[in-house]
Protein chains: 2
Amino acid sequence: MARIVMKFGGTSVADLDRIRNVANRVKREVDAGNEVAVVVSAMSGVTNQLVKWCQELSPLHDAREYDTVVATGEQVTIGLLAIALQTIGVDARSWQGWQVPIRTDDAHGKARVEEIEGAALIGRMKMGQVPVVAGFQGIGPDNRVTTLGRGGSDLSAVAIAAAVKADRCDIYTDVDGIYTTDPRIVPKARKLQAVAYEEMLELASVGAKVLQTRSVELAMKQRVRVQVLSSFEDKPGSMVVDEDEIVEQPLVTGVAYSRDEAKVTLRRVPDKPGIAAHVFGPLSAANVNVDMIVQNLGADGTTDMTFTVGKTDLPRAKAVLEEQRPTIAFEAMLADPDVAKISIVGIGMRSHAGVAATMFKALAEKGINIQVISTSEIKTSVLVGAEYTELAVRALHTAYGLDAEG
Amino acid sequence: MARIVMKFGGTSVADLDRIRNVANRVKREVDAGNEVAVVVSAMSGVTNQLVKWCQELSPLHDAREYDTVVATGEQVTIGLLAIALQTIGVDARSWQGWQVPIRTDDAHGKARVEEIEGAALIGRMKMGQVPVVAGFQGIGPDNRVTTLGRGGSDLSAVAIAAAVKADRCDIYTDVDGIYTTDPRIVPKARKLQAVAYEEMLELASVGAKVLQTRSVELAMKQRVRVQVLSSFEDKPGSMVVDEDEIVEQPLVTGVAYSRDEAKVTLRRVPDKPGIAAHVFGPLSAANVNVDMIVQNLGADGTTDMTFTVGKTDLPRAKAVLEEQRPTIAFEAMLADPDVAKISIVGIGMRSHAGVAATMFKALAEKGINIQVISTSEIKTSVLVGAEYTELAVRALHTAYGLDAEG
């Protein structure tokens, strides 16, 4: 017997038939003797409609009212799923965020979960009742409904799993697991049985959009074992767990890519102390996230600084830097949005040298020029021309022995 | 300066344009220096969709889950209207039933309001903020969302008006007031400036579907002055008030009709004590409402009993009576669904004799046979053949001098 939190996203509850399908899946876990709580999103499309109404009334709408409106999507689903469960003989009841309660801060529209009182839910689960909890929502210190921001239902599920001390948090979605890379690019991509939290964080932040970064961070912090699996097929998914649980650790677990970044180069910046602060301080103040950074020292006391920013932030970044030009004193600013970041990720890289060398060699053999390199403990990323994205991903997938057999 | 509760029904908030229109109406009252609270229904069509989903999943769905689902309709409207108000410079915030709180009993799906804490709303109104309150919903003793049953938003508005000690409760709807009779039958029907609570109760229960009976009862009990007016036109409506406020009291205020009743006659029932209890006890136990009752004593120690029941209850009533036949010992049961009840209503009838005589004369002149007569302090009703409905209503409207001039 295990205690399981099952989370179903919008496409899994898109209509009454799918809600019935979800109810059957829940019943199967209950019949197997497990204690089950369910977390659901809004029926797909509903949240978009609600958001659109708020925006049409006012682009600068009150985030507290936005939350009141948008949180209704999940409220509908929990009631309907509870009815569907009762109809097939499963004792169930719905829980809105304020009823649990799921306490958050007051950052309406993107609130952070601060505390979940798990006692009531645990009590019901022990009695054999299935709590059906609204994802994506909570209650703020002002006694008003808050939402956690897009993708917040995953976060709700992980937080609830931690609060009820669940053995596992199953995230049902429209993919059947986590792959070594994007199967649309590499048909030989393999589904991973298990991924470490740290790996998942790196994979998520560089483009594997299966699990929201914040959910993975929370799972890691609270040691919640997460499974990603398909709500439409009936087979095991991929576990996201502590690295100690992963028996066989390959050097590289996956290859990720992102086309969401743009490259900025500042030419001939005077190389003196504090210059990096002059560049990155104002960017940070303007909410521009900077990712990869390299600096090449020239012979003449100047330096070329290259870094990447989110592609959508590029115009703002350029404006900020132009404004700072008198202070930074660069000679020229070059911006290139046609780049892609390719990363290899694996906790095995910690204990093995030379992993990155294989990457550089594989890319060189395909004639792909590396523009920027950055490394962390379990990741090596390179920036290449955007047109090489697929070629680079395929080459690395093969080079690290990730291709599926047969 | 006055304190006003404004209530807008589903058609008044059917889309964003209408919500903006409602916001403008509210702004006008605020700009005039009034303290305003608003109560709204769900956007029209929304509640029906939500109800349909619950019913499709299970005709015998859990009423608590039904309430969770259905209450979302109003929650969407309050958020959107609050945004629309803020956008035109009116300070506003939304209130869900549990936030006010609007405490009800635990009769989910048709809960009764037990207590509304008006303090928070009054505080906000005094600060110049407009509370936008979800109609139709409250919170039960089980800390779960309840709904008040169809038309419950009117009830919410009246209850909130009482709780905040409002000078007036304005019910905006798709008709512009209360008429002396149905204008579709009598084009010369006049809009009434004022109607007494008691009159409105009689008019509502016999077919004037403008205000829900429960709302009028509550308004009368709490002495809430109610105005019924159009949300699409800009003119005063009809006031529903204490009769002391009505200066000019006509003998008859209005003519109402109902085609929702059916006539049942039990022939040759033995005329002995307790026989009425044998007839009406079992009907009441079967939830069949009996309205008009007459009994004609025959010469032979038997009596004919005639009464009316709701047309939809007729099959049930017949089954119950057939079952009781050995006890009641009637000779024959006749049922006639083709009847209409025509009523004249007016508090002036209390102090004047002979008002009913005019009714009987007017109907006789048109050759309309009266099947049953029943009277109360401020109402006289007759049962006639259904095909005479319009003719009877027109004749009485003219006979009591209610026709508009010109």
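Computed from a predicted model, the values in this text were never measured in an experiment.

Scoring rules and cut-offs
Residues numbered from 1 in each chain as written. Chains lettered and ligands numbered in written order. Predicted model: local features only at pLDDT ≥ 70, side-chain atom pairs only at ≥ 80, totals over all residues. Heavy atoms only, no water. Helix = DSSP H or I, 4+ residues; strand = E, 2+ residues; numbered from the N terminus. Rg over C-alpha atoms; globule rule 2.2 N^0.38 Å. Buried < 20%, exposed > 50% of the residue type's maximum accessible area, 1.4 Å probe, protein only. Contact = heavy atoms within 4.5 Å. Lys, Arg positive; Asp, Glu negative; His and termini not counted. Charge placed at Lys NZ, Arg CZ, Asp CG, Glu CD. Least-squares fit on C-alpha atoms with pLDDT ≥ 70 in both. Domains from an automatic or database assignment. Pairing = 2+ DSSP bridges. Axes fitted to C-alpha atoms, helices over the stretch in contact; angles between N-to-C directions. Phe/Tyr/Trp six-rings, centres within 6.5 Å; stacked < 30°, edge-to-face > 60°. Lys NZ or Arg CZ within 6 Å of the ring centre and 35° of its normal. Parallel < 35°, antiparallel > 145°, perpendicular 65-115°, else oblique. Left-handed = near helix turned anticlockwise from the far one by under 90°. Nonpolar A, V, L, I, M, F, W, Y, C, P; charged D, E, K, R; others polar. Buried area = accessible area lost by both parts, 1.4 Å probe. Salt bridge = Lys/Arg side-chain N within 4 Å of Asp/Glu carboxyl O. Polar contact = N/O pair within 3.5 Å; in protein donor to acceptor, adjacent residues only side chain to side chain. UniProt positions renumbered as here; feature names shortened; annotations may be inferred.

1. Considering the overall build of chain A
Summing up its helical and strand segments, chain A has 13 helices and 20 strands in all. In summary, chain A has a C-alpha radius of gyration of 24 Å against a globular reference of 22 Å for 406 residues, a match within 12%. When each of the 406 residues of chain A is scored for burial, the buried share is 56%. For chain A, restricting intrachain contacts to residue pairs at least 6 apart in sequence, the fraction spanning at least 24 positions comes to 74%. In chain A, the 44 positive side-chain charges and the 52 negative ones have mean positions that sit 2 Å from each other.

2. Some thoughts on the relation of the copies chain A and chain B
When chain A is fitted to chain B, the best match, at an RMSD of 0.2 Å, comes from turning it 179° and sliding it 0.1 Å along the axis. Taken together, the rotation and translation relating the two chain copies correspond to the operation of a two-fold axis. Among all residues of chain A, the minimum C-alpha distance to the rotation axis is found for A:Thr72, at 2.8 Å. Here 100% of the interface residues in chain A have copies in chain B that are interface residues too; the copies meet face to matching face.

3. A word on the domain arrangement of chain A
When the domains of chain A are assigned, the result is domain 1 (3-174) and domain 2 (243-406). When each unit is reduced to the centre of its C-alpha atoms, the spacing between domain 1 of chain A and domain 2 of chain A is 37 Å.

4. Overview of the sheet that holds strand β18 (residues 339-345) of chain A
Residues and elements named next belong to chain A. The strand order β13-β18-β20-β19 describes an open sheet built from four strands, whose pairing is antiparallel. Edge positions in the open sheet fall to β13 (254-258) and β19 (372-376), since each of these has one partner strand only. Averaged over all pairs of adjacent strands, the angle between their axes in this sheet comes to 20°, without regard to strand direction. Summarising the sheet, β19 and strand β20 (residues 379-385) pair through five bridges and their orientation is antiparallel. In the strand pairing of β20, Ser374 is matched with Ser381. Sheet contacts for helix α12 (residues 355-365): β18, β19 and β20; angle to β20, the most-contacted strand, approximately 15°. Lying over the sheet, helix α13 (residues 389-399) contacts β13, β18 and β20, oriented at roughly 15° with respect to β18.

5. Focus on the packing of aromatic side chains
All names here are of chain A. Here the structure, examined in full by the defined rule, presents five aromatic pairs over all chains. With 4.5 Å between their ring centres and 15° between their planes, Phe8 and Tyr172 make a pair best called stacked. You can see Phe8 sitting in strand β1 (residues 3-8) and its partner Tyr172 sitting in strand β9 (residues 168-173), a full 164 residues away along the chain. Exposure class is identical for Phe8 and Tyr172. Each is buried. Ring centres of Phe280 and Phe307 lie 5.1 Å apart, and the angle between their planes is 75°; on these two criteria the pair is classed as edge-to-face. Of this pair, Phe280 sits in helix α9 (residues 275-285) while Phe307 is found in strand β16 (residues 302-310), placing the two residues 27 residues apart along the sequence. Residue Phe280 is classed as buried on the basis of its relative accessible area of 18%. Since its relative accessible area comes to 1%, Phe307 is described here as buried. When the ring centre of Trp95 is taken as origin, the NZ or CZ atom of Arg93, which lies over that ring, is 3.7 Å away.

6. Things to note about the packing of helix α11 (residues 355-365) of chain B against helix α12 (residues 389-399) of chain B
All names here are of chain B. Where α11 meets α12, the axes come as close as 9 Å, and the angle between the chain directions of the two elements is 130°. On the basis of the axis angle, α11 is oblique to α12. Crossing of α11 against α12: the hand is right-handed. Residues Thr358, Met359, Ala362 and Leu363 of α11 form the contact with α12, whose participating residues are Ala392, Ala395, Leu396 and Ala399. In the contact of α11 with α12, the residues fall into seven nonpolar, one polar and no charged.

7. Details of the interface of chain A and chain B
Interfaces are frequently sized by the accessible area removed from exposure as the parts join. Facing 37 residues of chain A, the contacting portion of chain B comprises 37 residues. The contact between chain A and chain B buries some 3,200 Å² in all, and 66% of this surface belongs to carbon and sulfur atoms. Counting across the interface, chain A meets chain B through zero salt bridges. Run the count over chain A and chain B and you get twelve residue pairs in polar contact (both at pLDDT 80 or more). Of all elements in the fold, only α1 (16-31), α2 (46-57), α3 (63-70), α4 (72-87) and β3 (92-95) of chain A reach the threshold of two or more residues within the side of chain A that touches chain B. A per-element tally of the side of chain A that touches chain B places α4(A) first, with eleven residues. By residue class, the composition of the side of chain A that touches chain B is 19 nonpolar, twelve polar and six charged.

8. What to know about the pattern of salt bridges
Opposite charge on two side chains allows them to pair when their charged atoms are near. Residue and element names in this part refer to chain B. This model, assessed by the stated rule, comprises 62 salt bridges over all chains. A salt bridge links Lys52 to Glu56, with the shortest nitrogen-to-oxygen separation between them at 3.5 Å. Separated by four residues within a single helix, Lys52 and Glu56 lie in helix α2 (residues 46-57), roughly one turn from each other. Residue classification places Lys52 among the partly exposed positions, given a relative accessible area of 45%. Of the charged contacts in the structure, one is a salt bridge between Lys361 and Glu365, with a shortest N-O distance of 3.5 Å. Taken together, the residues span about one helical turn, with Lys361 and Glu365 both in helix α11 at a distance of four residues. We note that Lys361, like Glu365, is exposed.

9. As for the sheet that holds strand β17 (residues 332-336) of chain B
Residue and element names in this part refer to chain B. Strands sit in the order β15-β16-β14-β17 across an open sheet of four strands; the sheet is antiparallel. For this open sheet the edge positions go to β15 (290-297) and β17, each flanked by a neighbour on one side alone. The sheet shows a mean angle of 15° between the axes of neighbouring strands, direction not considered. In terms of strand pairing, strand β14 (residues 261-270) meets β17 through five bridges, oriented antiparallel. Looking across to β17, one finds that Val264 is bridged to Ala335. Helix α9 (residues 275-285) rests against β14, β15 and β16 (302-310) of the sheet, and its axis sits at about 20° to β16. Sheet contacts for helix α10 (residues 314-328): β14, β16 and β17; angle to β14, the most-contacted strand, approximately 5°.

10. Let's talk about the side chain of B:Gln96
You can see B:Gln96 is positioned in the loop between β3 (92-95) and β4 (102-104). Residue B:Gln96 is classed as buried on the basis of its relative accessible area of 2%. In this structure the side chain of B:Gln96 is engaged in a polar contact, spanning 3.0 Å, whose partner is the side chain of B:Trp98. Those residues in contact with B:Gln96 that sit more than four places away from it in its chain are A:Thr68, A:Val145, B:Gln75, B:Ile78, B:Ala134 and B:Gln137.

11. With respect to the UniProt feature "binding site: substrate" (unreviewed entry) in chain A
Residue and element names in this part refer to chain A. The positions UniProt marks with the feature "binding site: substrate" (unreviewed entry) are Thr47 and Glu74. Taken together, the annotated residues stretch across 28 residues yet fold into one region, lying no more than 8.7 Å apart by C-alpha. Mapping Thr47 onto the fold places it in helix α2. Among residues more than four places away in sequence, those in contact with Thr47 are Ala42, Val70, Glu74 and Arg150. Of note, Glu74 is situated in helix α4. Overall, Glu74 belongs to the buried group, its relative accessible area being 3%. Setting aside residues up to four positions removed in sequence, Glu74 forms contacts with Val40, Ser41, Ala42, Thr47, Ala134, Gly135, Phe136, Gln137 and Ser153.

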